[in-house]
Amino acid sequence: MNGNRFGRLFQVTTFGESHGEAMGVTVSGCPAGLELSEEDIQGDLDRRKPGQSMISTSRGEPDAVSIKSGIQDGYTTGTPIGMIIQNKDARSGKYEPFITAPRPSHGDFTYSAKFGTRNWGGGGRSSARETVNWVAAGAIAKKLLAQEGIELKAHVNQIGDVEAPDVSFEQLLEHSEENDVRCADPDAAAEMQELIESYQEEGDSIGGSIYFEARGVPAGLGAPRFDSLSARLGEAMMSVPATTAFEFGLGTEAAEWTGKERNDDWEFDDDGNPTPVENDHGGIQGGISSGEPIYGEVTLHAPTSIPKTQQTADWETGELKEEKVIGRHDPVLPPRGVPVVEAMLALTLVDFMLLSGRINPDRVDDQPGEYDTDYHPSNPRNE
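Residues numbered from 1 in each chain as written. Predicted model: local features only at pLDDT ≥ 70, side-chain atom pairs only at ≥ 80, totals over all residues. Heavy atoms only, no water.

Going by what an unreviewed UniProt entry lists, the chain is known as Chorismate synthase and is assigned to Natranaeroarchaeum aerophilus. Recorded under Pathway (unreviewed entry), the UniProt text for the chain is reproduced unchanged: "Metabolic intermediate biosynthesis; chorismate biosynthesis; chorismate from D-erythrose 4-phosphate and phosphoenolpyruvate: step 7/7." The chain has a UniProt comment under Catalytic activity (unreviewed entry) that states "5-O-(1-carboxyvinyl)-3-phosphoshikimate = chorismate + phosphate". (UniProt positions renumbered as here; feature names shortened; annotations may be inferred.)

Colleague: Sorry if this is basic, but what is going on with the pairing of strand β18 (residues 319–323) here?
Modeller: Taken residue by residue, a regular strand's side chains alternate between the two faces of the sheet. Sheet analysis places strand β17 (residues 310–314) next to β18, joined by five bridges and oriented antiparallel. If you follow Q311 over to β18, its bridge partner there is E322. (Pairing = 2+ DSSP bridges. Helix = DSSP H or I, 4+ residues; strand = E, 2+ residues; numbered from the N terminus.)

Colleague: It is not clear to me how helix α8 (residues 334–355) should be interpreted in this structure. Could you clarify?
Modeller: A turn of α-helix holds 3.6 residues, and therefore any two residues three or four places apart point the same way. Look at α8: 31 Å from first C-alpha to last across 22 residues, which is about the 32 Å you get at 1.5 Å a residue. Of all 22 residues in α8, 21 are buried, a share of seventy percent or more. Following α8 by one or two positions, G357 adopts a phi angle in the positive range, close to 80 degrees. (Expected span 1.5 Å × (residues − 1). Buried < 20%, exposed > 50% of the residue type's maximum accessible area, 1.4 Å probe, protein only.)

Colleague: It is not clear to me how the pairing of strand β2 (residues 11–15) should be interpreted in this structure. Could you clarify?
Modeller: Where burial is concerned, the two faces of β2 differ: the one with V12 and T14 is buried and the one with Q11, T13 and F15 is not. Between the end of strand β1 (residues 5–6) and the start of β2, which pair antiparallel, lie four residues, with G7 showing a positive phi angle near 105 degrees. Alignment of β2 against strand β3 (residues 22–28), held across five bridges, turns out to be antiparallel. In the sheet register, Q11 faces β3, and the bridge partner there is S28.

Colleague: Explain the UniProt feature "binding site: FMN" (unreviewed entry) in the chain here, please?
Modeller: Those residues carrying the UniProt feature "binding site: FMN" (unreviewed entry) are R125, S126, S127, G286, H301, A302, P303, T304, S305 and R328 in this numbering. Note on placement: G286 falls in the loop between β14 (284–285) and β15 (288–289). On the accessibility criterion, S305 (10% relative accessible area) is buried. Once residues within four sequence positions are removed from consideration, S305 is found in contact with R103, H106, V325 and H329. Reaching out from S305, the side chain makes a polar contact with the side chain of H106 at a distance of 2.8 Å. (Contact = heavy atoms within 4.5 Å. Polar contact = N/O pair within 3.5 Å; in protein donor to acceptor, adjacent residues only side chain to side chain.)

Colleague: What is the right way to read the packing of helix α3 (residues 131–147) against α8 from this model?
Modeller: Two packed helices can be described by the angle between their axes and the distance between those axes. α8 packs onto α3 with a crossing angle of 50 degrees between their chain directions and a minimal axis gap of 7 Å. Relative to α8, α3 is oriented oblique. For the pair α3 and α8, the crossing hand works out as left-handed. Within the contact between the two elements, α3 uses T131, W134, V135, A137, G138, A141, K142, L144 and L145 and α8 uses P339, V340, E342, A343, M344, A346, L347, L349, V350 and M353. Residues belonging to the contact of α3 with α8 are distributed by class as follows: 15 nonpolar, two polar and two charged. (Axes fitted to C-alpha atoms, helices over the stretch in contact; angles between N-to-C directions. Parallel < 35°, antiparallel > 145°, perpendicular 65-115°, else oblique. Left-handed = near helix turned anticlockwise from the far one by under 90°. Nonpolar A, V, L, I, M, F, W, Y, C, P; charged D, E, K, R; others polar.)

Colleague: I'm lost on the UniProt feature "binding site: NADP(+)" (unreviewed entry) in the chain in this one. Help?
Modeller: Mapped onto the present numbering, the UniProt feature "binding site: NADP(+)" (unreviewed entry) falls on R48. Mapping R48 onto the fold places it in helix α1 (residues 38–48). When neighbours within four sequence positions are excluded, R48 is seen to be in contact with D63, A128, R129, T131, V132, V135, R336, P339 and V340.

Colleague: Help me understand the pattern of salt bridges in this model?
Modeller: Between side chains of opposite charge, a pair can form as their charged atoms come close. Using the criterion set out here, one finds 21 salt bridges in the structure. R103 is the partner of D108 in a salt bridge, and the nearest nitrogen-oxygen pair spans 2.8 Å. No difference in accessibility class separates D108 from R103, as the two residues are buried. In this structure, the salt-bridge partner of D365 is R363, at a minimum N-O distance of 2.7 Å. For D365, a relative accessible area of 22% puts it in the partly exposed group. The structure contains a network of salt bridges with shared partners spanning D44, R47, K142, K153, E177, R182 and E342. (Salt bridge = Lys/Arg side-chain N within 4 Å of Asp/Glu carboxyl O.)

In structure tokens form, the structure reads like this:
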């Protein structure tokens, strides 16, 4: 099975199944000299983990990360960083009815059709549980970006037909973690919570969307055509489970705008550099970053695991069956999807920062040949 690696220079390779022994990720290409601990990673994992509120799955996973390689005395060494997150609360028995009778709109049938077999417990490799690996890797990418003055954040901007008003980046930073929905507008968050709970009571689910934004991204990231920043962002965001749409800038609304309305006029900034008057292009022009804030939106469909009776076809018996998906599942995905979207944004941006030479791929101090560094281990016999 291919397709388990993301990135060119900052490469993330993942493994694990939903009900397997553990999830795991290897990060290759992280420069040496970055101060890093498990605590730096755990914070984002806690934002993604199950069981954190009444509108998330009750699966009891601590999602505690363990760093197995790539760190010496609290600093990255430039070698691959290996991380493990154990699975503690897998209950595969509830998935036995669907071993040869695929759940509606899941990856059950397509995985079996492709490989002739599959790990069926909890959806196996197709489960969104696999994104725990992405969030762990994304936390490292975020720390590298922060050292370059790049900050990013996401929040839930829509659930069902409840849409939050536009919020500032400062509001994103200050308020998006203040409620279970992870919406930076408290009034909209309350409406979203009520809507989610109503579907939850009915044994159904609902979709929504996540808005993301990055500040401090320099101009010049991205390459024309297939390696454009927008293309790579699209690849990253469309990889997020349940994603049905990705857009940046005006997104689909651009279909309603004339060229004159959408075009960003140019002016000079205080340093005499050309700068666009507006930012309807979402920080990307010609597939390359313009130096303006990068922003966009990811749409997620409603969770497909719902406790309602649905029809399936058992290929082993040749029967049509009525089954319920009984288990512990989210009634909505965006609240726990926020750190996943942030992770994929960070991984994409840090990869381009390395590719463009804005970050030295060997070491964060950018001192080639210097060996007597603050982060080099000391010989205890010299003390």
